[in-house]
There are 2 protein chains.
Amino acid sequence: MTSEFDLIRRFFSPPTRHTLLAGGDDAALVSVAPGQALAVSTDMLVVGRHFLADADPGGVGHKSLAVNLSDMAAMGALPRWATLSLALPDADERWVGAFMSGFLDLAAQHDVDLIGGDTTRGPLTICVQIMGEIAVGAALRRDSAGPGDDLWVSGTVGDAALALAARRREIALSPAQRTCADARLDRPAPRVALGRALVGKARACIDVSDGLVADVGHIAERSGVRAVIDWSRVPLSTMASALRDDPVMRRAALSGGDDYELAFTAPPDARGAILAAGERTGVAVTRIGQVEAGAGVQVQDGGGRAVEMVGAGFDHFG
Amino acid sequence: MTSEFDLIRRFFSPPTRHTLLAGGDDAALVSVAPGQALAVSTDMLVVGRHFLADADPGGVGHKSLAVNLSDMAAMGALPRWATLSLALPDADERWVGAFMSGFLDLAAQHDVDLIGGDTTRGPLTICVQIMGEIAVGAALRRDSAGPGDDLWVSGTVGDAALALAARRREIALSPAQRTCADARLDRPAPRVALGRALVGKARACIDVSDGLVADVGHIAERSGVRAVIDWSRVPLSTMASALRDDPVMRRAALSGGDDYELAFTAPPDARGAILAAGERTGVAVTRIGQVEAGAGVQVQDGGGRAVEMVGAGFDHFG
């Protein structure tokens, strides 16, 4: 039987690059650079709720870090360190090995040190905490949108929710479409470089995890403004564009979560800088509406008519 | 039905005292003081493994933070911030409210800000991450014990394991003894002030969570030394002293975990300073042995004869 200490030695003690002390002690030690604030976020993933028991463990490892990196992206922070706590039903080395490959590959891509964690026996549950640096006062918060701002979104939205809809047989996709959509759901690419590039240019920012309308709604609520989204401008993938008039597709794009794109606002005079930031980081950025005085989120079609909303954002206890 | 957002608003958004931004955004923001390293630790608690389903939720809240505070104590760090992730089978407000009272009461005692977290539905699982400050280079690590050091332990050991033994009917306790032992198991008092006072005086330090011999063994292994424990000097509570010759009691004191005392080493010329540190922080400190060249841990009786060890430290997959 593999012991807890074997597991830790074999899988949870990768080398680190910018850490004073990692693993093997009561706590890890890191240094935050002068003038930098520490940005801290955490997400918990539970089998059967965030991923299926038979899901590819490498994908689960990737996603459990990706959703946390996305929170750093949404703050404009540079992700630096992560901790990982795992409850495992048994010490299944193959599962843990594949999970850690997915986790550590993505960590290496983003130069994030895994500095600590905990392992226990229990129903499969993953808890990741991410820590990053952002210059004091420079974070992209949710509460700083202002009337007159443009509303932007990165990449394309809806593919992840489309994959879920296909799994639930609510929509039929071709094998090629299914592959694209599944990749968005299972291996999201957190927009860390874009988030960094938006610092000093965007005003408010959030990552799209609950759904575009719900997450833009969080900005609107926290900033005390109203957001208007033009549905005809909402960027869809090539695959999804063919389905734009399907109500399932519209719901996926507006209310589906799990895209991990960035939704953000910026004053109109920053348009050139925003487009350049997208260009530089290889992520399309699209103006999808504007911020006004008022409250709430309205979705309009190209002609300014209200689009009926179907389903709100995700609530774990709703 | 209580929504996730209601839960967050009602229970998970306490005021903070030394935090730039807490809750409600993609990440929390904190500032680490110049010259201070950030100490980071995390623990995951699972129902049925670390606590019973019908355990007092206030005690579970207390303990889930206490075990993390104990890690800060063992580094000599000043705990400052915590995040809390919870998987809950349902949105049971009474349970969550009592849990958070226990958690936040202890956080307030230690002036720790709860700065973020995550809530999801799932088998009851608690993941706490603690962050604290310690002057760069000053942390009480496990790898710095040296031959000639005294070996010390704080408070008394074994009561928590005795409570477990009583629950398993391996030992009979009077109601008064049971109350004392249960309090040690359910509401451990992390030795944060003592840990802080030991900075610059102790050399290696660890908190006793796996069991005294196992945890001293971690120091021995990481420091490349041998530790000798004199069983006759191991401090027991008044209640436990009456049972010193019972093999269940000896096993509880030497191999039981969950005491959350500090085991540490220090050079003999620091004895006065160590005793003064204990005095000042109101925690007894007792010399229980010494550090030698070699490897491993040996337990001896008062006459220098080896004491037979029963059971090693705790391994979640052993």
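Residues numbered from 1 in each chain as written. Chains lettered and ligands numbered in written order. Predicted model: local features only at pLDDT ≥ 70, side-chain atom pairs only at ≥ 80, totals over all residues.

Draft legend 1. Quick peek at the overall build of chain A. Within chain A, the regular secondary structure consists of ten helices and eleven strands. Rg of the C-alpha trace for chain A: 20 Å, near the compact-globule value of 20 Å for 318 residues, within the 12% margin. Principal axes of the C-alpha set define a box for chain A whose edges measure 65 × 50 × 35 Å. Across the 318 residues of chain A, 56% fall into the buried class. (Helix = DSSP H or I, 4+ residues; strand = E, 2+ residues; numbered from the N terminus. Rg over C-alpha atoms; globule rule 2.2 N^0.38 Å. Buried ≥ 20, exposed ≤ 12 C-beta atoms within 10 Å, placed from the backbone.)

Draft legend 2. Up close: the relation of the copies chain B and chain A. Superposing chain B onto chain A takes a rotation of 180° combined with a translation of 0.0 Å along the rotation axis, leaving an RMSD of 0.0 Å. Overall, the copies show the geometry of a two-fold rotation axis. A symmetric contact is evident, with 100% of the interface residues of chain B recurring at the interface of chain A. (Least-squares fit on C-alpha atoms with pLDDT ≥ 70 in both. Contact = placed C-beta atoms within 7 Å.)

Draft legend 3. Local environment of the nonpolar core. In this structure, A39 of chain A together with A39 of chain B are the most contacted members of the largest nonpolar core, which totals 212 residues. If we skip the residues at most four places from it in the chain, A39 of chain B touches A27 and L29 of chain A together with M72, M75, A77, M131, G132, I134 and A139 of chain B. (Core = buried A, V, L, I, M, F, W, Y, C linked by C-beta atoms within 7 Å.)

Draft legend 4. Representation of the environment of S64 of chain A within the structure. Take S64 of chain A: it is sitting in helix α2 (residues 57-75). Remark: the alpha-carbon pair of S64 of chain A and P175 of chain A, spanning 111 residues in sequence, is separated by 26 Å.

Draft legend 5. Representation of the interface of chain B and chain A in the model. Contacts between the two partners involve 60 residues from chain B, matched on the other side by 60 residues from chain A. Mapped onto the side of chain B that touches chain A, the elements with two or more residues apiece are α1 (4-11), β1 (28-30), β2 (36-46), α2 (57-75), β3 (78-88), β4 (113-121), β5 (125-135) and β7 (205-207) of chain B. For the side of chain B that touches chain A, the leading source of residues is β2 of chain B, giving nine residues. Residue composition of the side of chain B that touches chain A, grouped by class: 30 nonpolar, 17 polar and 13 charged. Two strands pair when backbone bridges link them, and strand β1 (residues 28-30) of chain A and β2 of chain B are joined in this way by three bridges, in the antiparallel orientation. Pairing of A28 of chain A across the sheet is with V40 of chain B, part of β2 of chain B. (Nonpolar A, V, L, I, M, F, W, Y, C, P; charged D, E, K, R; others polar. Pairing = 2+ DSSP bridges.)

Draft legend 6. Focus on the packing of helix α4 (residues 159-167) of chain B against helix α5 (residues 175-186) of chain B. Residues and elements named next belong to chain B. Orientation of α4 relative to α5, taken along the N-to-C sense of each, is 115°, at an axis distance of 7 Å. If you check the angle between α4 and α5, you find them roughly perpendicular. With respect to the hand of their crossing, α4 and α5 are arranged in left-handed fashion. Of the residues in α5, those in contact with D159, A160, L162, A163, L164 and A166 of α4 are R178, C180, A181, D182, R184 and L185. (Axes fitted to C-alpha atoms, helices over the stretch in contact; angles between N-to-C directions. Parallel < 35°, antiparallel > 145°, perpendicular 65-115°, else oblique. Left-handed = near helix turned anticlockwise from the far one by under 90°.)

Draft legend 7. Molecular detail of the sheet that holds strand β8 (residues 226-230) of chain B. All names here are of chain B. The strand order across the open sheet built from six strands is β7-β9-β6-β10-β8-β11, with neighbouring strands paired in mixed fashion. At either margin of the open sheet sits one strand with a lone partner, and together these are β7 and β11 (296-300). Direction aside, the axes of adjacent strands within the sheet are offset by 25° on average. By the bridge criterion, three bridges tie β7 to strand β9 (residues 262-266) in an arrangement that is antiparallel. By the bridge assignment, D207 is partnered in β9 with L262.

Draft legend 8. Helix α7 (residues 212-223) of chain B, seen in detail. Residue and element names in this part refer to chain B. Here α7 contains twelve residues, and its C-alpha end-to-end distance of 16 Å stays within 8% of the 16 Å for a straight helix at 1.5 Å per residue. When you tally the buried positions in α7, you get nine out of twelve residues, the bulk of the element. Buried residues of α7: L212, V213, A214, D215, V216, H218, I219, A220 and S223, and no others. Looking one or two places after α7, you find G224, whose phi comes out positive at around 65°. (Expected span 1.5 Å × (residues − 1).)

Draft legend 9. Quick peek at the pairing of β9 of chain B. Residue and element names in this part refer to chain B. With five of five residues buried, β9 lies mostly within the body of the structure. Burial along β9 is two-sided: the residues L262, F264 and A266 and A263 and T265 are all buried. Here strand β6 (residues 150-154) runs beside β9; their pairing, made up of four bridges, is antiparallel. Each residue of the ladder has a partner; that of W152, found in β9, is F264.

Draft legend 10. Structural view of the sheet that holds β4 of chain B. Taken together, the five strands give an open sheet; going across it, the order is β1(A)-β2(B)-β5(B)-β3(B)-β4(B), and neighbouring strands pair in mixed fashion. If you trace the sheet from one side to the other, it starts and ends with β1 of chain A together with β4 of chain B, each paired once. With strand direction ignored, the average angle separating the axes of adjacent strands in the sheet is 20°. The strands that α2 of chain B touches are β2, β3 and β5 of chain B; relative to β5 of chain B, the one it contacts most, it runs at about 25°.

Draft legend 11. The arrangement of the confidence of the model for chain A in detail. Per-chain confidence: chain A averages 92 in pLDDT, with 95% of residues scoring 70 or above. The ipTM, which scores confidence in the relative placement of chains, is 0.91 for this predicted complex, and the corresponding pTM is 0.93. (pLDDT = per-residue confidence, 0-100.)

Draft legend 12. View of the domain arrangement of chain A. Residues and elements named next belong to chain A. Examined at the domain level, chain A breaks down into domain 1 (4-135) and domain 2 (150-300). Across the boundary between the two partners, domain 1 contributes 17 residues, which contact 17 residues of domain 2. Elements represented by at least two residues in the side of domain 1 that touches domain 2 include exactly α2 and β3 (78-88). Ranked by residue count, the leading element in the side of domain 1 that touches domain 2 is α2, at twelve residues. Its residues assigned to classes, the side of domain 1 that touches domain 2 comprises nine nonpolar, five polar and three charged. (Domains from an automatic or database assignment.)

Draft legend 13. Looking closely at α5 of chain B. Residue and element names in this part refer to chain B. With twelve residues, α5 ought to run about 16 Å at 1.5 Å a step, and its terminal C-alpha atoms sit 16 Å apart, in line with that. For α5, the full list of buried residues reads Q177, A181, D182, R184, L185 and D186. Lining the buried residues of α5 we find α2, α4 and α8 (238-241).

Draft legend 14. Layout of the environment of D245 of chain B. Within the element layout of this structure, D245 of chain B appears in the loop between α8 and α9 (247-255). When the C-alpha atoms of D245 of chain B and Q300 of chain B are compared, they prove to be 14 Å apart, with 55 residues separating the residues in sequence.

Draft legend 15. Local environment of the pairing of β6 of chain B. Residues and elements named next belong to chain B. Within β6, five of the five residues are buried, which leaves it mostly tucked inside the rest of the structure. Side chains D150, W152 and S154 of β6 all project onto a buried face; the interleaved residues L151 and V153 project onto the opposite face, where all are buried too. In this sheet, strand β10 (residues 285-292) lies alongside β6 in antiparallel orientation, the contact comprising five bridges. Across the sheet, residue S154 finds its bridge partner in β10, namely V285.

Draft legend 16. Summary view of the packing of helix α7 (residues 212-223) of chain A against helix α9 (residues 247-255) of chain A. All names here are of chain A. Axis separation between α7 and α9 bottoms out at 5 Å; the angle between their running directions is 30°. Between α7 and α9, the angle falls in the class roughly parallel. Contacts between α7 and α9 involve L212, V213 and A214 from the former and A253, L254 and S255 from the latter. Tallied by class, residues from the contact of α7 with α9 come to five nonpolar, one polar and no charged.

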